[in-house]
Amino acid sequence: MFSDFQEVRQEIEAETVRLTGTNKGVSSVPINLRVYSPHVLNLTLVDLPGITKVPVGDQPADIEYQVRDMIMQFICKDNCLVLAVTPANMDLANSDALKLAKDVDPQGQRTIGVITKLDLMDEGTDARHILENRLLPLRRGYIGVVNRSQKDIDGRKDIKAALAAERKFFLSHPAYRHMADSMGTPYLQRVLNQQLTNHIRDCLPVFRSCLQSQLLALDKEAEEYKHYRADDPARKTKALLLLMQQFAADFEKRIEGSGDQVDTIELSGGAKINRIFHERFPFELVKMEFDERELRREISYAIKNIHGIRTGLFTPDQAFEAIVKRQIIKLKGPCIKCVDMVIQELINTVRQCTAKLGSFPKLREETERIVTTNIRDRESRAKDQVLLLIDVQAAYINTNHEDFIGFANAQQRSAQTNKKSIAGNQGVQPVSSLIVIRKSWLTVNNISILKGGAKEYWFVLTAESLSWFKDDEEKEKKYMLPLDNLKLRDVEKSFMSSKHAYAIFNTEQRNVYKDYRFLELACSSQEELDSWKASLLRAGVYPEKVTVDGECSGSSDSFSMDPQLERQVEIIRNLVDSYMNIVYKAIRDLMPKTIMHLMINNVKLYIGSDLLVQLYSLAEKCVLMDESPEQEQRREEVLRTHSALKEALAIIGDISTSTSSTPLPPPVDSSWLHGAPGTSCRSPSPTAIASKRIATAPRASPSTRGPTPMAPPVPSRAAPHGPISNHADTTQSPPTGLIRPPPNVPRRHPPAVPTKPLH
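Residues numbered from 1 in each chain as written. Predicted model: local features only at pLDDT ≥ 70, side-chain atom pairs only at ≥ 80, totals over all residues. Heavy atoms only, no water.

Visitor: What am I meant to see in helix 3 (residues 96–104) here?
Guide: The periodicity of an α-helix, 3.6 residues per turn, causes residues three or four positions apart to be oriented the same way. For helix 3, the buried fraction is high: seven of the nine residues fall into the buried class. Within helix 3, the full set of buried residues consists of Asp96, Ala97, Leu98, Leu100, Ala101, Lys102 and Val104. Measuring from the backbone nitrogen of Ala97 back to the side-chain oxygen at the start of helix 3 gives 3.4 Å, which picks out Ser95 as the cap. (Buried < 20%, exposed > 50% of the residue type's maximum accessible area, 1.4 Å probe, protein only. Helix = DSSP H or I, 4+ residues; strand = E, 2+ residues; numbered from the N terminus. Polar contact = N/O pair within 3.5 Å; in protein donor to acceptor, adjacent residues only side chain to side chain.)

Visitor: What is the right way to read the packing of aromatic side chains from this model?
Guide: For any pair of aromatic rings, the description consists of the separation of the ring centres together with the inter-plane angle of the planes. Scanning all chains against the criterion turns up twelve aromatic pairs. Measuring from centroid to centroid gives 5.5 Å for Trp441 and Trp458, while their planes differ by 70°, and the two rings are edge-to-face. With Trp441 in strand 4 (residues 436–444) and Trp458 in strand 5 (residues 455–462), this pair connects stretches of sequence that are 17 residues apart. Relative accessible area serves as the criterion here: at 31%, Trp441 is assigned to the partly exposed category. With centroids separated by 5.3 Å and ring planes inclined at 70°, the aromatic side chains of Trp468 and Tyr513 adopt a geometry described as edge-to-face. Linking Trp468 in strand 6 (residues 465–469) with Tyr513 in the loop between strand 9 (500–506) and strand 10 (518–523), this pair joins segments that are 45 residues apart in sequence. Just as Trp468 is buried, Tyr513 falls in that class too. (Phe/Tyr/Trp six-rings, centres within 6.5 Å; stacked < 30°, edge-to-face > 60°.)

Visitor: Would you mind going over the side chain of Arg140 with me for this structure?
Guide: Take Arg140: it is sitting in the loop between helix 4 (128–131) and strand 3 (142–144). Summary of buried charges: Arg140 has no salt-bridge partner, and the nearest side chain of opposite charge, Asp105, is 6.4 Å away. A polar atom in the side chain of Arg140 sits 3.0 Å from the side chain of Gln195. (Lys, Arg positive; Asp, Glu negative; His and termini not counted. Salt bridge = Lys/Arg side-chain N within 4 Å of Asp/Glu carboxyl O.)

Visitor: Before we go on, may I ask you to explain unusual backbone geometry in this structure?
Guide: Working note: non-glycine residues mostly have negative phi, and peptide bonds are mostly trans. At Arg156, a position not held by glycine, the phi torsion is positive, near 55°. For Arg156, a relative accessible area of 60% translates into the label exposed. Even without being a glycine, Glu474 presents a positive backbone phi close to 60°. Position of Glu474 among the secondary structure elements: in the loop between strand 6 and strand 7 (477–482). With relative accessibility at 28%, the residue Glu474 sits in the partly exposed group.

Visitor: Quick question: what am I supposed to make of the sheet that holds strand 7 here?
Guide: Reading across the sheet, the eight strands line up as 7-6-5-4-10-9-8-11 and stay open at both edges, with mixed pairing between neighbours. The open sheet has two edge strands, strand 7 and strand 11 (542–543), and neither has a second partner. As judged from the two bridges shared by strand 8 (residues 486–491) and strand 11, these two strands associate in the parallel manner. Paired with Leu488 across the strands is Pro543, a residue of strand 11. Sheet strands in contact with helix 17 (residues 526–538) are strand 4, strand 5, strand 6, strand 8, strand 9, strand 10 and strand 11, and its direction is about 135° off that of strand 4. (Pairing = 2+ DSSP bridges. Contact = heavy atoms within 4.5 Å. Axes fitted to C-alpha atoms, helices over the stretch in contact; angles between N-to-C directions.)

Quick look at the structure:
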């Protein structure tokens, strides 16, 4: 920090030497200077260099293009004012500043002309026609200033004295005295201040709306934090009670469902468990469907072993019981898997509910540990009970059940009736072919690229067929596929696809769809895939039977039985179907009830009554309510932001009633930049271009002066009123092939104006 401006100058010079050296080097690294004073405006002024034509010293050969690129980085921004500074003793049509300003601001909404060195013009000449905006008019006009000379700077002339001398110059000059009130550095300050005021006033409504929405979003959270005290045990206890009550309520809502907080993004815990009970579990039962040939072989062996050395005349019921018990024992796998899936959903639901305890890491960790331990404890009891249900079913084969067909009906069943009864064997009720089981969009994946590639169609599933249409209006049917002899198999998810797929194929090796051996269908989620599989089960399309280790099926084809034994096998086969139908119905009904009683209801009761007791029994209960560093920082930030927003809205309310704005001057004729002669002449005099950063909103504001008079016709030659530098060059291109530029001069065009503001 410096209090003497002479020290500031020395520091700037020293910093320049450190970056660029002592031989007139250049650098695009800015030197930032912040001025603190009650007599300066709250503006940002960027002092940009003039365009150097000829490199000197350590300057690179393309110095002109580098400086122009540097200038464009700033003046292309819509939220800056461009001060196009031009000396009064040079031809205005040659001004690089005006040309660059016109390139980036063709409408002139944010360009202000500044004329300097008015006191250095030749005697008998003045810049009155320029300052009156009559020579080369700008929409915002020109402002003349008289700065300190180099002699004044070396003599350390006071700024106040320089401003007084400037004021005296304009009042005493016969060409400027009538406009003295709109000339000078103080007036330029007021113009810039008015632009800032205009911009703020224009941005206030949008800004106020943005602040109010932020305040509304933080109100509830800030209200909770206001009453929190990290060192108050009573408040910690109250907070713990409230958090546990909220946790119990959230868990129950996710399991039982709630109408006040419906999640529209994904399924909650209860909905997922319901899907396990009525879609995933029946599908798992079907997956363990017995192999027909293997079952018939087992029945035949059982019959032969029971008869022993004798040839039996009657069908032995012991074979029926042996086969049924073997099939019942196989149910243990799907039932245990169903319990595991429910447990996983319960644990996931607990973790989702404890997410609100993230502010207190220790409390969240202990809550998850205690509840998960209870769930694992109930898991063993639930699995024991499920296995007990299976053992109970296998313990006594009730052939007097009212739904059991008995021997008389079993002998009358045919092979086709047996085939249709598989649906009943899995506990699935027959569905009328006229009833639509499911409708939704599916993607047909396995269509070749030559035929259009994967496409999405509207699929309709009934008990007899699977049809798909062009759209959900069901007017243009693409195909109808009968469900006879169809099965489905899983398809692995491809690396490049995010969809889940399955395939439908014909068990008789026939084409399913045109010349395709299988139909691969894709869903957007695993839940939708499971629902389609369950719907296909209802329609009688079952999953493919997967053989283990390539089981030999050829031997079953050669397996033959005598007619009497074959009739006995068929009878027992039908009896097994009938009885297993009864068992499946009982298991599908008892499984959800058992899991609900032993696990879900018990966990809800434990969270509502015993969880808080377990937390209080911990030895380190004093640290349960310790905040995480992130939460502490969040609380302080929310309170600070909430207070700042309220203060900002109060300030905006005061500003909106106490500020005034001025209209933007009308457009002026600026055709001089395109058609006036002499524009090819450039001066090497350095030109400063300044920009004022106001805010991020791209809006320009008018100056405080009145309407600018329209310009008269542009003269054929804008003659200067002062000495013209003899170092001017020309931008006209020489004839092709006549003049070759020197090797050290870069051959490139000036950079184009960016099409949009740089951010």
